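# A look at the structure
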Amino acid sequence: MRRLLAPAVVGCAVALVAAACGGGSSSPSSSSSGGGGANTASAPGITATNITIGSHQPLTGVAAPGYDEIAPSSKALFDDVNAHGGVNGRKITYTYQDDAYNPTQTATVVRSLVLQDNVFGIFNGLGTPTHLAVQQFLNTERVPDLFVASGCDCWNNPGKFPYTSGYQTDYTIEGKITGQYVKNTFPGKKVGYLYQNDDFGQGGIQGLDQQIPKSSVVTRQNYVPTNLDVGPQVAALQASGAQVAVLYTVPPFTALTIGAAAKIGYHPQWVTSSVSADPTTVGNLLKGTSMLEGLVSSSYLPSPNDTSNPWVQTFMRIHNQYVPNLPFDGNTIYGMSVAYTFVKLMQQAGTNPTRQSVVNALKTANLAGPGLVPISYSSTSGFTGVQMGTITGGKFVLSGPRFTATDNGPIGTFNGTQPPPPSNL
Amino acid sequence: MTTPTDSGAGAPARVSRRPPDWVRLPRQTLLRHLLLAAVVGLLAFWLSDNVGAFTDLQLSNVAAYTIALAGLTVLTGHNGQLSLGHGAFIAIGAYSTGLILEHTSLPIIVVLLAAMGVTAVAGAIVGIAAARLRGPYLAGATLALAVALPSVAIKWSSIFGGEQGIAVNPLTPPSSLGLSFPPERWVAWLAMLVALIVLVLLANLLRSRVGRSFRAVRDDEISASLAGVHVARTQVLAFVVSAACAGLAGAFFAFNVQLVAPAGFPLALSIALVTGIVVGGIGSLVGAVWGGVLLVYLNQEATDLAKHFHISAAAGANGALLAYGVLLVAVMLAFPDGIQGGVRRLARLVTRR
């Protein structure tokens, strides 16, 4: 035992040094109310010249293909905004970390961003299962949890989670509108579901079930994202005789499913959720878009193929200038749109915003931008509807009316117009 | 495993060595261990009080790994049974904690004991099977445990929350510490306190008759049984002790991550634990602390390093694995007895002069 003492002391000393190097102490938040005057350090992550935000993104792992373009695209838009003087005189610094779509890793990287890097807030954290792992933590620490990249209705609970806000259309709303389309366009056909077995997939199915008669649903298959073998589920879809297959899947699983179906000669009418309709992303995984022809999906943002849209033109310019090596696709549009929404929010949050004041501003801010339907944080969270579209000639083409809805209310149409992009973007 | 251990009986070096007076500690084992624990505990307390919340979180991760590694040290280093599935026991402890907290509001000490109890029972069952297996067969069987267990959580997702897992509410510090007291520090205190208690208890166990029978069975089962040691019973006991430690570690994994999900207990965790005890110094409880520091910081540092050199995320994720591999080989070349073995050798050089 005596032999133990000296090494133990040395060990402790080394551990001390290692830990001390590991991280500085977190500075206490010095909050001052907004108001005019000079820029000050008004909140953690906000200095007179900078706003630092962080995110967790699947840069590796099963969900990475396609989704790994989102954060660089957001950063490109921030770089462009910074080049034009930033937001209220502050430059945006965007740090995103890889969580490999693994909730346990999300918990670790988000803590390091908040506790060590002292970010102002978490922006566009991607994924339903992943972000659920940190929602409680962020709200306990009173950290703005802005524009979660998921349409789970879990982000719309201001009573319990006042700091969290979603971005995309609630999966239930999207499922409803998709269900209405399936019911009207393919009447009497047998419908099969394949969904990711978590709040993402289940939310979508809830919406579909509100519109598609239960009697025409012949099978309900699900998968877990850690198991890449969807062969059994695809075989079950085929065996059930489903003529319309609705997928609530992330892009790699959409590709796996369509690929596996083609192998066994099963060619139903594919219908997918907006999270996996991008022909570039899914096509890359399938070595071409030929298998995607005729696929029906929905969107709340303009299609990257709609080059007549002024927002798409602006995003293309930023893409060519800052991230020319990435493909220009739905993920690019998504990443830049959500970044624009953040910029718009910060512009309206006052000269010296605090964590609380930004979250408050969200409820009343006018965040109109590239969205096809209104984005609202007064009653719901995020986009309020979608437009349906079809993949035609390898391009995603939106058509028909733009629909809006709530989780339990009726479906309506939206006739408003998109504002043009600001000239300084 | 013929590595010299803390109490390697009959090591000739011991006779010739006369430590200076300042290292002379009480002769009574328990007293000596408690004294050491108190010193280390004060140091740890001071440390956690002077760092940021994120470092506190990492300290409590180090403590959690230390608890698990100390248990594995008893099993592998002292009893000679190799478990490649210890991540599964951590998972059992973590899920027990998650489920208990989800459905009850029992005090923390009860939750910890329950997580430990459930895992100890699981350890006994596996241990009984393990006592009939040797070497590679045992490694294979425990490996299967680590591979199969996560799918249980997915199969019965209504209980275990499937892939999404169970959210664990953060432990709130007692109000007497003030409103702005960081919860991470509170968990770090608890974890480090528990780690110290575990280390003291295990150190005493290993110095006792039970510990000697562990090693007797490890070194030669036949002569152990000739000497009156019940081999199978001893092996099961070692499994129970190490599983209970893993379960306790699992509880702190749950508190630290605030989520228990299958993805948190991959096969890689079990492999990392074995790496941890080997690199830390197999057979030494202090080695478990080294292992804990290594498992927590190496991953972080490798990821940061990859980012620093602008290596792509995909390559960076493999960087941590590469670092493990390189470090493992390097340490084994330099110190076959692990870091603690190296430290001990260094200390011997210094004290001899």
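Above this text you will find the structure in question.
Small disclaimer: the values here were computed from a predicted structure and weren't measured.

### Quick word on the packing of helix H4 (residues 86-103) of chain B against helix H6 (residues 135-155) of chain B
Residue and element names in this part refer to chain B. For the pair H4 and H6, interaxial distance at closest approach is 9 Å and the crossing angle is 25°. In terms of orientation, H4 lies roughly parallel with respect to H6. Of H6, the residues touching H4 (which contributes Ala 88, Phe 89, Ala 91, Ile 92 and Tyr 95) are Leu 145, Ala 146, Leu 149 and Ala 153. Split by residue class, the contact of H4 with H6 holds 9 nonpolar, no polar and no charged.

### Quick word on the pairing of strand E4 (residues 145-148) of chain A
With 2 bridges joining them, strand E3 (residues 121-123) of chain A and E4 of chain A adopt parallel strand pairing. Among the inter-strand pairings, Ile 122 of chain A is bridged to a residue of E4 of chain A, identified as Asp 145 of chain A.

### Notes on the pattern of salt bridges
Scanning the model with the defined rule gives 6 salt bridges over all chains in all. A salt bridge links Arg 317 of chain A to Asp 80 of chain A; its shortest N-O distance comes to 3.3 Å. Linking Arg 317 of chain A in helix H11 (residues 310-322) with Asp 80 of chain A in helix H3 (residues 70-83), this pair joins segments that are 237 residues apart in sequence. In this structure, the salt-bridge partner of Asp 56 of chain B is Arg 185 of chain B, at a minimum N-O distance of 2.8 Å. Of this pair, Asp 56 of chain B sits in helix H3 (residues 53-78) while Arg 185 of chain B sits in helix H8 (residues 183-207), and the two are 129 residues apart along the sequence. A relative accessible area of 0% means that Asp 56 of chain B is categorised as buried. The exposure class of Arg 185 of chain B is buried, given its relative accessible area of 12%.

### What to know about the state of the cysteines
Note on terminology: a disulfide is the covalent bond linking the sulfur atoms of two cysteines. Residue and element names in this part refer to chain A. Applying the stated criterion to the full structure yields 1 disulfide over all chains. Here Cys 152 engages in a disulfide with Cys 154; their sulfurs sit 1.8 Å apart. Taking the torsion about the S-S bond as the criterion, the Cys 152 to Cys 154 disulfide, at about 100°, is right-handed. According to the relative accessible area criterion, Cys 154 is buried, its value standing at 14%.

Rules used in this analysis
Sequence positions are assigned chain by chain, starting from 1 and proceeding in written order. To read the labels, note that chains go from A and ligands from 1, taken in the order they are written. Local features in this predicted model are restricted to residues of pLDDT 70 or higher, and side-chain atom pairs are both shown and tallied only at a pLDDT of 80 or more, whereas totals for entire chains, interfaces and linings draw on every residue. Note that the side-chain values use all heavy atoms of the structure and ignore hydrogens as well as water. In this analysis, axes come from line fits to C-alpha atoms, helices being fitted only over the stretch in contact, and the angle between any two N-to-C directions falls in the range 0 to 180 degrees. A helix here means a DSSP run of H or I that spans at least four residues, while a strand means a run of E at least two residues long, and both kinds are numbered starting from the N terminus. Each angle receives one of four descriptions, namely roughly parallel if under 35 degrees, roughly antiparallel if over 145, roughly perpendicular if within 65 to 115, and oblique otherwise. We call two residues in contact when some of their heavy atoms are within 4.5 Å. Amino acids outside the nonpolar list (Ala, Val, Leu, Ile, Met, Phe, Trp, Tyr, Cys, Pro) and the charged list (Asp, Glu, Lys, Arg) are all regarded as polar, and Gly is one of them. Strand pairing is assigned whenever DSSP identifies at least 2 bridges connecting the two strands. The salt bridge definition used is simple: a Lys or Arg side-chain nitrogen within 4 Å of an Asp or Glu carboxyl oxygen. For each residue, the accessible area found with a 1.4 Å probe, counting protein chains only, is set against the maximum for its type, and the residue is called buried under 20%, exposed over 50%, and partly exposed in between. We call a pair of cysteine sulfur atoms a disulfide whenever their separation is within 2.5 Å.

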